[in-house]
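# Examination of the molecular architecture
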Amino acid sequence: MKKGIAASPGIAIGKVLCVENQAIVIEKHTITDVDAELEKLSECIDRSKKELEAIQEKTRNEVGEEEAAIFGAHIMVLEDPELSSAATDKIKTEKVNADYAFNEITNQFIAVFESMDNEYMRERAADIKDVSNRVLGHLLGCVKKDLSHLDEDVIIVTHDLTPSDTASMDKKKVIGFLTNVGGKTSHTAIMARTLDIPAIVGLSDITDYVKTGDTIILDGTKGEVIIQPDEHDLSSYDKLKQQYNAEKEHLKALIGLPTITTDDHKVELAANIGSDEDLDAVLSHDAEGVGLFRTEFLYMNRSSLPTEDEQFEAYKKVASSLKGKPVVIRTLDIGGDKEVSYLKLEKEMNPFLGYRAIRMCLNGNVKLSKDFMGKDIFKTQLRAILRASAYGNIKIMFPMISSIQELKDAKQLLEASKKELDREQINYNKAIEVGMMIEVPSAAVISDLLAKHVDFFSIGTNDLIQYTCAVDRMNEKISHLYEPYHPGVLRLIKMVIENAHQAGIWVGMCGGMAEDQMMIPILLGFGLDEFSMSAASLLRSRQLIRSLNKSEMEKHSQKVVTLEGADDIKKYLVDLEV
Ligand code: PEP
Ligand code: MG
């Protein structure tokens, strides 16, 4: 048995699919069989070309001609006789291995293109790099598998999955996943919870223990993997799985009931989503709204920025499906672990402390793509959200705000977008509520001042915990220090809620803490107005809240913030037995 970080609850029993994604390592060797090396190179170029043709076709059918063209450019690189003949010459004359020769030659081409004055030509360097990685992947036998089309149910086992890998997975066939790295609040883990797929992350070396085709048991609730299960394991976990599913069925009785405490205090129970694909789960679990729409997923797994119209359609679809219930649309939060391949974002030493979210969206100096700066991308999004606000109860929310000035700058761009729409006589909700996330400690500390400039706060505990405790939310080596129950974190939350109420605004929470069943009583006691979480946790949370007495919980909340450490707080909450 192996133990990791329980990232998404539930049990999966099934066949493993190992997905390689280790870095490509090239070494120089002297070879004796030149012909074999030449044949290998030509085979791998051919294979890459066929793959690219298939991707081009799929993209043309599913996305559009313009997006498909990018793969046409990749095919042209592979067909360039200069490139292949330079590589074959190198193999013949220097008697070196094919991957080394191909890598050397493509690097020379890349350097030439990168040094050109013309922007279009410079961008071709990125095409050559992409194509070169594909061919090298084949030459070295470490190709990343395409997860969007799978033939049978599988449990994915891999070193790491990016949020964009997760977004493009064939969700009907992936019944679970395991990764060596990652934390509970990495976006890959968050997506697993949204999709209701059992998952364990931070297993450190699970890729060394299983191979494709092995049968395993994944217990996402406990964070345990049973490798080579025997008959007894299989039958007992099958029973557990049935029990888990039966509980889920049982919770359906709560659909349609209000989220109200035994002393009649009503709170709002909302869902977090990443795209309109999550709507079915939101509606079937009876969410009272969408408390967080992570819009950055609209920007991933494509080759160019979504247009204003595309975004407008997506936001409008969510708003109209919610039929007047609130929908909090968070503006772009790229950076950290969320990459967008076609934007020119440099690798950073500390991505979570770096060029991320609102910082990028307010930048009017640095180009992020051929034509756009962060500010232009932000304005396009603001216009799309405003236009969609005519079709439902949309609220707008800014991520990663750390100062009053940042908030003012973001609001100023929103006002400018409203004026543009006024001039163009385009309809939008002129009284749209504007809120901000509290996920940076500096914002929590000045929440009394910030509250005067917004209509609501939503506390993002995933980031607030990592910044308060100085613990990278992605790093499994220090995951034991990522501590939601740290009294420092709880005191900040209490303070934010009090400051919000003092200023007469409402306050929600859309970080993972909002669905933690042990924490909900305390948050209720602090006076949190809205709890937003993965759809799969909604009914369980409603059941809990309906069993609690708010005034009782207030007393417990006052008590926990006087305790000295996370362990004392956990013990206190376990003893509460609510
Ligand atoms: C958070 O930080 O708690 C949050 C909800 O935002 P994200 O997880 O997308 O960073
Ligand atoms: Mg965040």
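Just above, that's the structure.
To start, this report covers the structure provided alongside it. No experiment lies behind these values; they were computed from the predicted model shown.

## Considering the overall build of the protein
Of regular secondary structure, the protein possesses 21 helices and 16 strands. Since a compact globule built from 578 residues should have a radius of gyration of about 25 Å, the 26 Å found for the protein is in line with a globular shape. Across its three principal directions, the C-alpha atoms of the protein cover 85 × 70 × 40 Å. Put simply, the protein has 578 residues, and 53% of those count as buried. By sequence separation, contacts in the protein at least 24 residues apart represent 67% of the contacts at least 6 residues apart. Taking the average place of the 69 positive charges on the side chains of the protein and the average place of its 94 negative ones, the gap between the two points comes to 4 Å.

## Quick look at the site of ligand 1
Around ligand 1, the structure places 17 residues, and the nearest of them are His187, Arg294, Arg330, Asn462 and Arg473. At a separation of 2.8 Å, an oxygen atom of ligand 1 approaches a polar side-chain atom of histidine 187. Measuring from an oxygen atom of ligand 1, one finds a backbone N or O atom of threonine 461 at 3.1 Å. Protein contacts shield 100% of the accessible area of ligand 1, which totals 290 Å² for the unbound molecule. The site holding ligand 1 turns out to be the second largest cavity. Those elements giving two or more residues to the shell around ligand 1 turn out to be helix H7 (187-195), strand S10 (290-294) and helix H16 (461-469). Of the residues forming the shell around ligand 1, the biggest block, three residues, is contributed by H16. Split by residue class, the shell around ligand 1 holds four nonpolar, five polar and eight charged.

## What about helix H13 (residues 404-423)?
Structural remark: α-helix, 3.6 residues per turn; residues separated by three or four positions point the same way. The end-to-end C-alpha distance of H13, which contains 20 residues, comes to 29 Å, matching closely the 28 Å that a straight helix rising 1.5 Å per residue would cover. Among all positions of H13, only Ile404, Glu406, Leu407, Ala410, Leu413, Leu414, Ser417, Lys418, Glu420 and Leu421 are buried. As for H13, its buried residues are in contact with helix H11 (358-361), helix H12 (374-388), strand S12 (393-398), strand S13 (434-438) and helix H15 (447-450). Looking one or two residues past H13, glutamine 425 carries a phi angle of roughly 55 degrees, positive in sign.

## Section: the coordination of the magnesium ion (ligand 2)
Ligation of the magnesium ion (ligand 2) by protein atoms is provided by Glu439 (OE) and Asp463 (OD), these donors lying 2.0 to 2.1 Å from the ion. Pair noted here: glutamate 439 is in the loop between S13 and helix H14 (441-445) and aspartate 463 is in helix H16, with a separation of 24 residues, a long-range link. Here glutamate 439 matches aspartate 463 in class, with each residue buried.

## Description of the pattern of salt bridges
Across all of its chains, the model carries 37 salt bridges by this definition. A salt bridge links aspartate 205 to lysine 2; the nearest nitrogen and oxygen atoms lie 2.6 Å apart. Taken as a pair, aspartate 205 in the loop between strand S6 (199-201) and strand S7 (215-219) and lysine 2 in strand S1 (residues 2-3) lie far apart in primary sequence, 203 residues in all. You can call aspartate 205 partly exposed: its relative accessible area is 23%. Of the charged contacts in the structure, one is a salt bridge between glutamate 224 and lysine 3, with a shortest N-O distance of 3.9 Å. Taken as a pair, glutamate 224 in strand S8 (residues 224-227) and lysine 3 in strand S1 lie far apart in primary sequence, 221 residues in all. Owing to a relative accessible area of 13%, glutamate 224 belongs among the buried residues under this scheme. Judged by its relative accessible area of 52%, lysine 3 falls in the exposed class. Among the charged side chains, a network of salt bridges with common partners joins Glu296, Arg330, Asp333, Lys338, Arg356, Asp463 and Arg473.

## What about the state of the cysteines?
Counting across every chain of the model gives zero disulfides. In this structure cysteine 510 is not part of a disulfide, and its nearest cysteine sulfur, from cysteine 361, lies 16 Å away. Taking the relative accessible area as the measure of exposure, cysteine 510 reaches 2% and is therefore buried.

## A closer look at helix H19 (residues 538-546)
Those residues of H19 not exposed but buried are Leu538, Leu539, Ser541, Arg542, Leu544 and Ile545. Check the buried side of H19 and you find it contacts helix H8 (231-251), strand S9 (268-273), helix H18 (520-526) and strand S16 (530-533).

## Observations concerning empty space enclosed by the protein
Applying the stated rule across the entire model yields three cavities of 30 Å³ or more. Lining the largest cavity are Ile190, Arg193, Thr194, Asn272, Arg294, Asn462, Cys510, Gly511, Gly512, Glu515, Met533 and Ser534. Two domains each put at least three residues into the lining of the largest cavity: domain 1 (2-21 + 147-250) and domain 3 (255-576). Here the second largest cavity defines a volume of roughly 60 Å³. Contributing elements (two or more residues each) for the lining of the second largest cavity: S10 and H16. In terms of residue class, the lining of the second largest cavity is built from three nonpolar, four polar and eight charged.

## Quick look at the environment of asparagine 180
Along the chain, asparagine 180 falls in the loop between strand S5 (174-179) and H7. Once residues within four sequence positions are removed from consideration, asparagine 180 is found in contact with Thr158, His159, Gly202, Leu203, Ser204, Asp205, Ile206, Thr207 and Glu476. Among the polar contacts listed, one links the side chain of asparagine 180 to the backbone nitrogen of isoleucine 206, at a separation of 2.9 Å.

Calculation rules
Residues numbered from 1 in each chain as written. Chains lettered and ligands numbered in written order. Predicted model: local features only at pLDDT ≥ 70, side-chain atom pairs only at ≥ 80, totals over all residues. Heavy atoms only, no water. Helix = DSSP H or I, 4+ residues; strand = E, 2+ residues; numbered from the N terminus. Rg over C-alpha atoms; globule rule 2.2 N^0.38 Å. Buried < 20%, exposed > 50% of the residue type's maximum accessible area, 1.4 Å probe, protein only. Contact = heavy atoms within 4.5 Å. Lys, Arg positive; Asp, Glu negative; His and termini not counted. Charge placed at Lys NZ, Arg CZ, Asp CG, Glu CD. Near = heavy atom within 4 Å. Polar contact = N/O pair within 3.5 Å; in protein donor to acceptor, adjacent residues only side chain to side chain. Areas by Shrake-Rupley, 256 points an atom, 1.4 Å probe, with all protein chains shown as cover. 1 Å grid on protein atoms, 1.4 Å probe; cavity = no way out; pocket = protein on both sides within 12 Å on 5 of 7 lines; lining within 4 Å. Sits in = over half its atoms within 2 Å of the grid points. Nonpolar A, V, L, I, M, F, W, Y, C, P; charged D, E, K, R; others polar. Expected span 1.5 Å × (residues − 1). Donors = N, O, S within 2.8 Å, 3.2 Å for Na, K, Ca; no water. Salt bridge = Lys/Arg side-chain N within 4 Å of Asp/Glu carboxyl O. Disulfide = S-S within 2.5 Å. Points joined across faces, edges and corners; volume = space filled by probe spheres on them. Domains from an automatic or database assignment.

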